[in-house]
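Examination of the molecular architecture
Chain by chain, the residues:
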Amino acid sequence: MALKRSLETNHSHVMGGGRGIAVLLLRTWVGAAAVAALGAPGGKPLAATPPMGWNDWAHYQCRYTANTILDNARALVSTGLAARGYDTVTIDDCWMQKDRDARGNLQPNPKRFPKGMKPVAEAIHKLGLKFGIYEDSGYATCGGWAGSGQPQGGGKYHFLQDARLFASWGVDYLKLDACNVYVPPGETKEEAYRKAYAAEHAALKAVGRPIVFSESAPAYFQGTPEWYDVLRWVRHYGQLWREGTDIATYHADHPDASRFHSVLWNYAYNLPLGRFQKPGNWNDADFIIAGDRGLSLAESRSQMALWSMMSAPLILSSDVAKLSPEAIAILGNRAVIAVDQDPLGRMATLVRRTGEMDVLFKPLANGDDAVAVLNRSAAALKVELRPAQLGFAATSACRLDAQNLWNGKRQSDVGALEAEVPSHDTVIWRIRASAACGRPTRTGTLTLTDNVRRRQHSLYGYARCLVPGSVEACSGAAEESWTVTPQGALRSSGGRCLAVAYGKPVMQACRAERAQHWRYTLLGNLISAADHRCLGTAGGESGSQKLALQPCGHNLPNQIWSLPN
Ligand code: GLA
């Protein structure tokens, strides 16, 4: 952890030791009082581990009633999934009418909720589950129903009034979407969104009920430079946030259309955002559709393993009563869920990426580590991973005990992890390294995150790998592996360090000197400690690009890096 801190000294905020007390230095219109996080009773921060539960959207969209919701809530209990942690049932869009009542209150759609919302909330609570609801920070939801935000053209917000109503129903979780946000003249879109989310945060605080706050704001900036600015402020207001594209939804007219590409895409954009995440603040890669139509069992294992390696929220969106026993076994796998819910909450490091596979590594709270290998290809893949590739000491005395979390098989005292990974599957192990391995260093790829082309369904368009001297399409070559040292040096697999000499990035023998130290900022810049300029690439967006040292710009795509976590 000390090494992580040393690379993150450039943040414009200071966090208190435990979560829940955020001391923020904000220079904007947001008062400091409005941003202290509201903890759950007993001092435990809200969402100390990634939220888990169920939401109707990706399976039903607007085709549901109160009974659909309650049937799924009961199925969570009867399948045993609730007992495994899937405990929050959230009603997504379309629950409300287009107009408010005479007092300005939201009105549930009487066809879907003939007895109103309170009895539904009570029934969910009676099952021992928590109750979540959807609203929007704009004047209308994405479906066009009444939103909490300012009317088009300006006017009164309803955040506080709506938060009071939600609290009176017993809401425990709010997903606040961000369609149709009115941007007043003279304000930027980002300012308008920030005001709306700050207002909701203040409203939730004012009603005094611990309500987990899921923010959708960043998703409305994906593909723009402001994306990173929004990702920097959402953590001051809520516990989790959607950063991008929706996961593909189920459609009854083509139920078996593959949705695996969508799983891979959401995984690809979520993975480089580890620096924004910590207990109580989660990147949300969107719903778990594993087990539903459109994914094979292998693909379902992949989504569960990848989301768990990323400590992403696990919010199912399927018809729970129709899940097969195999699907329930995947979703309910205790050991995989424990990786997701690990108290450290670390994002996986991308250790290695080839055309066919990704290797991921994640340290766990009890000193174990988790390792996963995704096989994106159409054929089975044999893998062998040596401890040194994962950041452990390069000595034959380093041995691993490993358990494959899908089949429970254990390997003891091995010098390498070995598996054959079927097409589209993901193997996941929990490992314990012997004393000779030492603690793992932060080792893996150092990628340039190219967020410019939205909906670019190509992993290569999204993240490219640093090699000595340039940035290339990731191929899995040894020279794509780097170690971030506790002093903030970047050591290549060849044992040399990235340094600045005569104003240029060069590789040198590693020495403890400032010319080899880099400061990593929350916005993703690598700033030379000696030269104060940023590591970037020269030239266009694709192909091989030479490294350069440049004046630091604000959210320039050729200066935004993702490091081993
Ligand atoms: C957006 C969100 C989805 C869902 C719909 C509802 O697309 O990203 O998760 O809430 O709105 O309209």
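Above this text you will find the structure in question.
What you see is a predicted model; the values in this text were computed from it and never measured.

**Observations regarding the overall build of the chain**
Along the backbone of the chain there are 12 helices and 31 strands. When burial is assessed residue by residue, the chain has 59% of its 565 residues classed as buried. In the chain, 68% of the contacts between residues at least 6 apart in sequence involve partners at least 24 apart. Per element, the accessible surface of the chain, about 21100 Å² overall, is 54% carbon and sulfur.

**Looking at the nonpolar core**
The biggest cluster of nonpolar side chains holds 112 residues, and the ones touching the most others in it are Tyr86, Trp95, Tyr197 and Trp307. Top contributing element to this core by residue count: helix H6 (residues 189-207), with seven residues. Not counting residues up to four positions away in its chain, the partners in contact with tyrosine 197 are Ser137, Leu176, Asp177, Ala178, Phe213, Glu215, Ser216, Ala217, Trp233 and Tyr237. In terms of nonpolar packing, the next biggest core, distinct from the first, is built from 22 residues, Val351, Phe361, Val371 and Val414 among them.

**A few points about helix H7 (residues 226-233)**
A large share of H7 lies buried, amounting to six of its eight residues. Residues of H7 that are buried: Trp227, Tyr228, Asp229, Val230, Leu231 and Trp233.

**Topic: empty space enclosed by the protein**
Rolled over the atoms, a probe with the dimensions of a water molecule shows which regions are left empty. Across all of its chains, the model carries five cavities of 30 Å³ or more by this definition. Put simply, the largest cavity is a space of about 120 Å³. As for the largest cavity, its lining consists of 14 residues, of which Leu271, Pro272, Leu350, Thr447 and Ser562 are closest to the centre. Here the element with the most residues in the lining of the largest cavity is strand E11 (residues 349-353); it accounts for three residues.

**So, unusual backbone geometry**
Even without being glycine, glutamine 61 reaches a positive phi, approximately 45 degrees. Within the secondary structure, glutamine 61 sits in the loop between helix H2 (57-60) and helix H3 (66-78). For glutamine 61, a relative accessible area of 9% gives the class buried.

**Some thoughts on the site of the ligand**
Taken together, the residues surrounding the ligand are Trp57, Asp92, Asp93, Tyr134, Cys142, Gly143, Lys175, Asp177, Arg242 and Asp246. Taking aspartate 92, its side chain carries an N or O atom lying 2.6 Å from an oxygen atom of the ligand. In the model, an oxygen atom of the ligand is placed 2.7 Å from a nitrogen or oxygen of the lysine 175 side chain. The residue inventory of the shell around the ligand, partitioned by class, reads three nonpolar, one polar and six charged.

**Some remarks on the packing of H3 against helix H4 (residues 118-126)**
Contact pair H3 / H4: the axes reach a minimum separation of 10 Å and the direction vectors enclose 5 degrees. Taken together, the axis directions place H3 and H4 in an arrangement best described as roughly parallel. On H4, the residues touching Ala66, Ile69, Leu70 and Ala73 of H3 are Val120, Ala123 and Ile124.

**Overview of the packing of H6 against H7**
Describing two packed helices takes the angle between their axes plus the distance from one axis to the other. Interaxial distance between H6 and H7 falls to 11 Å at its minimum, and their mutual angle equals 15 degrees. The pairing of H6 with H7 is recorded here as roughly parallel in orientation. Crossing of H6 over H7 shows right-handed handedness. Along the contact surface, H6 presents Glu190, Tyr193, Arg194 and Tyr197, while H7 presents Glu226, Asp229, Val230 and Trp233.

**Points about H6**
The end-to-end C-alpha distance of H6, which contains 19 residues, comes to 27 Å, matching closely the 27 Å that a straight helix rising 1.5 Å per residue would cover. When we look at burial in H6, the residues that qualify are Glu190, Ala192, Tyr193, Arg194, Ala196, Tyr197, Ala198, Glu200, His201, Ala203 and Leu204. Considering only its buried residues, H6 is in contact with helix H5 (159-169), strand E6 (173-177), strand E7 (212-215) and H7. Just past H6, the residue glycine 208 takes up positive phi, approximately 75 degrees.

**What about the pattern of salt bridges?**
Opposite charge on two side chains permits pairing when their charged atoms draw close. Counting across every chain of the model gives 21 salt bridges. Here arginine 439 ties to aspartate 369 by a salt bridge, and the two come within 3.4 Å at their closest N and O atoms. You can see arginine 439 sitting in the loop between strand E18 (426-433) and strand E19 (442-444) and its partner aspartate 369 sitting in strand E13 (residues 369-375), a full 70 residues away along the chain. For aspartate 369, a relative accessible area of 0% translates into the label buried. Each of Arg242, Asp246 and Asp286 takes part in one network of salt bridges that share partners.

Here is what the cut-offs are and how they apply
- Residues numbered from 1 in each chain as written.
- Predicted model: local features only at pLDDT ≥ 70, side-chain atom pairs only at ≥ 80, totals over all residues.
- Heavy atoms only, no water.
- Helix = DSSP H or I, 4+ residues; strand = E, 2+ residues; numbered from the N terminus.
- Buried < 20%, exposed > 50% of the residue type's maximum accessible area, 1.4 Å probe, protein only.
- Contact = heavy atoms within 4.5 Å.
- Areas by Shrake-Rupley, 256 points an atom, 1.4 Å probe, with all protein chains shown as cover.
- Core = buried A, V, L, I, M, F, W, Y, C linked by side-chain atoms within 4.5 Å.
- 1 Å grid on protein atoms, 1.4 Å probe; cavity = no way out; pocket = protein on both sides within 12 Å on 5 of 7 lines; lining within 4 Å.
- Points joined across faces, edges and corners; volume = space filled by probe spheres on them.
- Near = heavy atom within 4 Å.
- Polar contact = N/O pair within 3.5 Å; in protein donor to acceptor, adjacent residues only side chain to side chain.
- Nonpolar A, V, L, I, M, F, W, Y, C, P; charged D, E, K, R; others polar.
- Axes fitted to C-alpha atoms, helices over the stretch in contact; angles between N-to-C directions.
- Parallel < 35°, antiparallel > 145°, perpendicular 65-115°, else oblique.
- Left-handed = near helix turned anticlockwise from the far one by under 90°.
- Expected span 1.5 Å × (residues − 1).
- Salt bridge = Lys/Arg side-chain N within 4 Å of Asp/Glu carboxyl O.

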